[in-house]
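# Fold and contact review
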Amino acid sequence: MMDFPHDVTAMRREFHRFPETAFLEYRTAAIVAERLSELGYTVKAGPEIMRMDGVRGLPSDQALNAAKEAARQAGVAEKWLDRMPAGQTAVCGELQRGPGPVLALRFDMDALPVHEASSHQHTPNAQSFSSIHPGRMHACGHDGHTAIGLAVAERLAQPDAKWSGTVRLIFQPAEEGGRGAQPIVASGLLDDVDIFLATHLGCQLPSGQIALTADGFLWAEKWNVTFTGRPAHAAMCPEEGRNALLAASLAVAGLYALPRDGQSDTRINVGLLQAGRTRNVIADHAYLELEVRAASSEGLQRLTEGARRTLEGAAMTQDVTVGIDLYGKAISANSDPAIMTRLETAVLATKTGITVRNWPIGGGDDATFMMQRVQERGGHAGYCLVGADIAAPHHSSLFDIDECALERAVTILTAFVEKTA
């Protein structure tokens, strides 16, 4: 097995250097699984804790094989790769210690398809831990989350750790795009959980502050849209063509022009547009990746209806067809007061920061599906933020976090669990 550091900051930097995107987190997941096993946790992985029925946008076989091979070359244990077929890269470590509740913590592992900045002022470059993979980057803090999870695992495994019951540490793939949590929920892993907490670094919350709950989770749908037309010579007989590129362009403008909603805060973004083949051919194909978000389910329904009309109308103007594929989604959720009280007790007991009752997350996280499941089954669930000054907004090529927040989060989460006694 590869030599991997145990210090939380060093772990974060190692994960930052080797970012892996959704369902390709083989190196990260294998490191997590191996370390949990060394600490005495019962480890489940892959199909044991993921039911993949209906999951969209899985990587190609070529991408999966390349990710596994990269993990092998990095020196991870082959046994873990064998237990994670077809992008099923979730890992769960469980430790039991006498009677008590089942308590679960969620840590997401995936990176983003963002190219990391090359500026010398960017700390990962200055300190030599920037991404080694062009076009991939930990631009949201999940490298820190994974490191925090392993550090918490080590603290809780110590003989003198003061807790009783069952601890379940869940390391989730594919949070970006809203596709990783639901397969874990479908496996039943959350069904007997009494206490659940998800944590995020940053989110514009300053260092030294801890938000007892994140609020303002937006309902969201992620769509892949394909326009299909007919090619033709662009000068000789353009009237024979059916222009998918033009339809997509009209659609993009129309999507951004959708009227504001007076009853619900909304967001819409087209993050990718690919179209055409060459300059003298009417483009017969165009592809969009977009997301729609709203502060309420009713607002999301109104927005998606408008977006569908816009896409179908743009297709009609150019006599092309359009296909809309639901790629991922997210829902809203609210933290239980019992979780907030427990978390506040942990922060005060450890003197790790200043608590604020709530802080807007400004987006979403599919951990809300986990929260919903725990609450449906009679448990308590919450989502907190650990403040960390950031060098640039989340999902930016210059994103970086104040690493002092890492140890703070480890201390708080350990204390949160130890109140189980």
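Please refer to the structure higher up on the page.
A short tour of the structure in this document, coming up. (Residues numbered from 1 in each chain as written. Predicted model: local features only at pLDDT ≥ 70, side-chain atom pairs only at ≥ 80, totals over all residues. Heavy atoms only, no water.)

## Quick look at the sheet that holds strand S6 (residues 209–215)
Formally: Each pair of strands is called paired provided DSSP finds at least two bridges between the two strands. Where helices and strands are cited, they refer to DSSP runs of H or I of at least four residues and of E of at least two residues respectively, numbered from the N terminus. To get an axis, fit a line to the C-alpha atoms, keeping to the stretch in contact for a helix; angles then go from 0 to 180 degrees between the N-to-C directions. Two residues qualify as a contact provided that any one of their heavy atoms is within 4.5 Å of a heavy atom in the partner residue.
Judged by pairing direction, the sheet is mixed, and its eight strands sit side by side in the order S1-S2-S4-S3-S5-S12-S6-S11 without closing on themselves. Looking at the sheet topology across the chains shown, the edges are occupied by strand S1 (42–45) and strand S11 (354–360). The mean angle between the axes of side-by-side strands here comes to 25°, regardless of whether they run parallel or antiparallel. Bridge analysis of strand S3 (residues 102–108) against strand S5 (residues 195–201) gives four bridges, and the strand direction is parallel. When the bridges of S5 are listed, Arg106 appears paired with Ala198. Contacts between helix H10 (residues 337–350) and the sheet are confined to S3, S5, S6, S11 and strand S12 (380–386), with S6 contributing the most and set at about 170° to the helix.

## Regarding the nonpolar core
Put simply, the rule is: To qualify as a nonpolar core, a set must consist of buried Ala, Val, Leu, Ile, Met, Phe, Trp, Tyr and Cys residues joined through side-chain atoms within 4.5 Å. Note on classification: 1.4 Å probe, protein chains only; a residue is buried when its accessible area is under 20% of the maximum for its type, exposed when over 50%, partly exposed between these limits.
Formed by 73 residues in total, the largest nonpolar core has its most connected members in Leu36, Val91, Leu105 and Ile148. A per-element tally of this core places helix H12 (residues 404–418) first, with nine residues. Those residues in contact with Val91 that sit more than four places away from it in its chain are Ala29, Val32, Ala33, Leu36, Val43, Lys44, Ala45, Ile49, Met84, Leu169, Ile170 and Phe171. Residues Ala174, Ala181, Cys203 and Met370 belong to the second largest nonpolar core, which totals 36 residues.

## Quick word on the environment of Leu245
The residue Leu245 is located in helix H8 (residues 244–256) in this model. Through-space distance from the C-alpha of Leu245 to that of Thr123 is 40 Å; in sequence the pair is 122 residues apart. Excluding anything up to four places from it in sequence, Leu245 contacts Ala275, Gly276, Ala283 and Ala286.

## Notes on the pattern of salt bridges
How we decide: Whenever a carboxyl oxygen of Asp or Glu lies within 4 Å of a side-chain nitrogen of Lys or Arg, that contact is scored as a salt bridge.
Applying the stated criterion to the full structure yields 26 salt bridges. For Asp400, the salt bridge goes to Arg12, with nearest N and O atoms at 2.9 Å. One end of the pair, Asp400, is in the loop between S12 and H12; the other, Arg12, is in helix H1 (residues 8–17), and 388 residues separate them in sequence. By relative accessible area, which is 0% here, Arg12 ends up buried.

## What about helix H9 (residues 297–317)?
Side chains of residues three or four places apart in an α-helix project in the same direction, reflecting 3.6 residues per turn. Where we set the bar: By this rule the span expected of a helix is its residue count minus one, scaled by 1.5 Å.
In this model, H9 (21 residues) spans 30 Å end to end at C-alpha, consistent with the 30 Å of a helix rising 1.5 Å per residue. Within H9 the residues assigned to the buried category are Gly299, Leu300, Leu303, Thr304, Gly306, Ala307, Thr310, Leu311, Ala314 and Ala315. Packing partners of the buried residues in H9 comprise strand S7 (219–228), H8, strand S8 (266–275), strand S9 (285–294) and strand S10 (321–330). Two residues or fewer past H9, Asp319 is found with a positive phi of approximately 55°.

## Brief notes about the sheet that holds S10
Read across the sheet, four strands follow the order S8-S9-S7-S10 without closing on themselves; strand pairing throughout is antiparallel. Unpaired on one side and paired on the other, S8 and S10 mark the two borders of the sheet. Averaged over neighbouring strand pairs, the angle between their axes works out to 15° when direction is ignored. With 10 bridges connecting them, S7 and S9 associate as antiparallel partners. What sits directly across from Glu221, in S9, is Val292. Lying on the sheet, H8 is in contact with S7, S8 and S9; it crosses S8 at an angle near 165°.

## Section: the side chain of Arg168
Which entries qualify depends on this criterion: What qualifies as a polar contact is a pair of N or O atoms within 3.5 Å, subject to a donor-acceptor requirement within protein and to the restriction that residues adjacent in sequence count only when both atoms come from side chains.
In this structure, Arg168 sits in strand S4 (residues 165–172). Here the side chain of Arg168 touches Leu189 through a polar contact of 2.8 Å, landing on its backbone oxygen. Beyond its immediate stretch of four places on either side in the chain, Arg168 contacts Cys92, Gly93, Glu94, Val102, Leu103, Ala104, Leu105, Leu189, Asp192 and Val193.

## Focus on the side chain of Thr304
Note on placement: Thr304 falls in helix H9. Relative accessible area serves as the criterion here: at 10%, Thr304 is assigned to the buried category. Separated by 2.9 Å, the side chain of Thr304 and the backbone oxygen of Gln301 make a polar contact. If near-sequence neighbours (up to four positions away) are discounted, Thr304 is found in contact with Glu221, Trp223 and Val292.

Spatial relationships are all this shows, so hold off on functional conclusions.
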